[in-house]
Amino acid sequence: MTAVAEPTAFARQLKHWRTLRRISQLDLAISADTSQRYLSFLEQGRSRPGRTMVVRLAESLGLSLRERNGLLLAAGFAPIFPESTLETPELAPVKAALDRILDGHMPYPAVVVRPYGILVGANAAFDVLTEGSAPELLAPPVNVLRLALHPRGLARRVLNLPEWGRHVTESLRNRALRSPDPELDAFIAELESYLPEADPGPDHLGFAVPLRLRSDEGELRLITTVTSFATALDITLSELHLEAFLPADEHTAEILRRRRR
């Protein structure tokens, strides 16, 4: 008789992530510096990996630090990546650096957010994006994505809401494809429910979809850049990103400079 091993939690997670990433056993084995035979045994639950192998596999699969900790736990090991808060002394230099970046981006808006758009910090120019928004959308913790697309938030002033709004939700959908999460799926569905049907033609600058924003001073056209900490070893830090808005034309730049003066 042949005994068949029951797949362990680690085996199921490993196969799940490999299938989700569309990586063959051979390619993953080569990337993790092991053999395809051994990887097959791991996915069947016939072998138990060491901690170093779990870390190598997680890195090869491109998992986030939070997901790597989850894979380590499934294999029976303690997590190795800490999760701090920005108030801890260890992250004080990071918080100070973020504050300097936010201030240095003036007179243009910039924000620091956690996953799902939870606001961590913003500079004084952020008020150009909050004007006229309902008070409940500005109550902490502020969700900048909900604020942006909600009919009682920024959306009422966005001239190209169908195109720009779907640019926002598509970015979230791409994240959900890499890291499935029912909570994220529900949030995406909520945001998409706020958006009208897209117009037939794309509204873009030739290189990016701008945010076309109505203001008392005239139309503002803004493009965005996103910055993250590429070498972070702390979960909190790895999940932060800074979104900076830049003027897409001199007219917008002058309005924003004048507002600060």
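Described in the following lines is the structure provided in the data block.

Reading the values: rules and limits
Residues numbered from 1 in each chain as written. Predicted model: local features only at pLDDT ≥ 70, side-chain atom pairs only at ≥ 80, totals over all residues. Heavy atoms only, no water. Pairing = 2+ DSSP bridges. Helix = DSSP H or I, 4+ residues; strand = E, 2+ residues; numbered from the N terminus. Axes fitted to C-alpha atoms, helices over the stretch in contact; angles between N-to-C directions. Phe/Tyr/Trp six-rings, centres within 6.5 Å; stacked < 30°, edge-to-face > 60°. Lys NZ or Arg CZ within 6 Å of the ring centre and 35° of its normal. Salt bridge = Lys/Arg side-chain N within 4 Å of Asp/Glu carboxyl O. Buried < 20%, exposed > 50% of the residue type's maximum accessible area, 1.4 Å probe, protein only.

1. Concerning the sheet that holds strand E1 (residues 110-113)
Spatial ordering of the open sheet is given by E2-E1-E5-E4-E3, a layout of five strands whose pairing is antiparallel. Single-partner strands in this sheet number two, and they are strand E2 (119-122) and strand E3 (211-213). With strand direction ignored, the average angle separating the axes of adjacent strands in the sheet is 30°. When E1 meets strand E5 (residues 241-247), the two strands line up antiparallel, connected through four bridges. Each residue of the ladder has a partner; that of Val-113, found in E5, is His-241.

2. Some points on the packing of aromatic side chains
Counted according to the given criterion, the structure contains one aromatic pair. Across from the ring centre of Phe-41, 4.1 Å away, lies the NZ or CZ of Arg-46, which sits over that ring.

3. Describing the pattern of salt bridges
Summed over all chains, the structure comprises 18 salt bridges. Ionic pairing is found between Glu-43 and Arg-18, a salt bridge with its closest N-O pair at 2.5 Å. In this pair, Glu-43 is assigned in helix H3 (residues 36-44) and Arg-18 in helix H1 (residues 9-21), connecting sequence segments 25 residues apart. Across the pair, Arg-18 and Glu-43 agree in class, each one buried. Across the pair Asp-99 and Lys-95 runs a salt bridge whose closest N-O atoms are separated by 3.7 Å. Pair noted here: Asp-99 and Lys-95 are both in helix H6 (residues 92-104), with a separation of four residues, about one helical turn. Its relative accessible area of 35% is what places Asp-99 among the partly exposed residues. Take Lys-95: its relative accessible area is 36%, and that puts it in the partly exposed class. One network of salt bridges, in which partners are shared, links Asp-127, Glu-131, Glu-217, Arg-259 and Arg-260.

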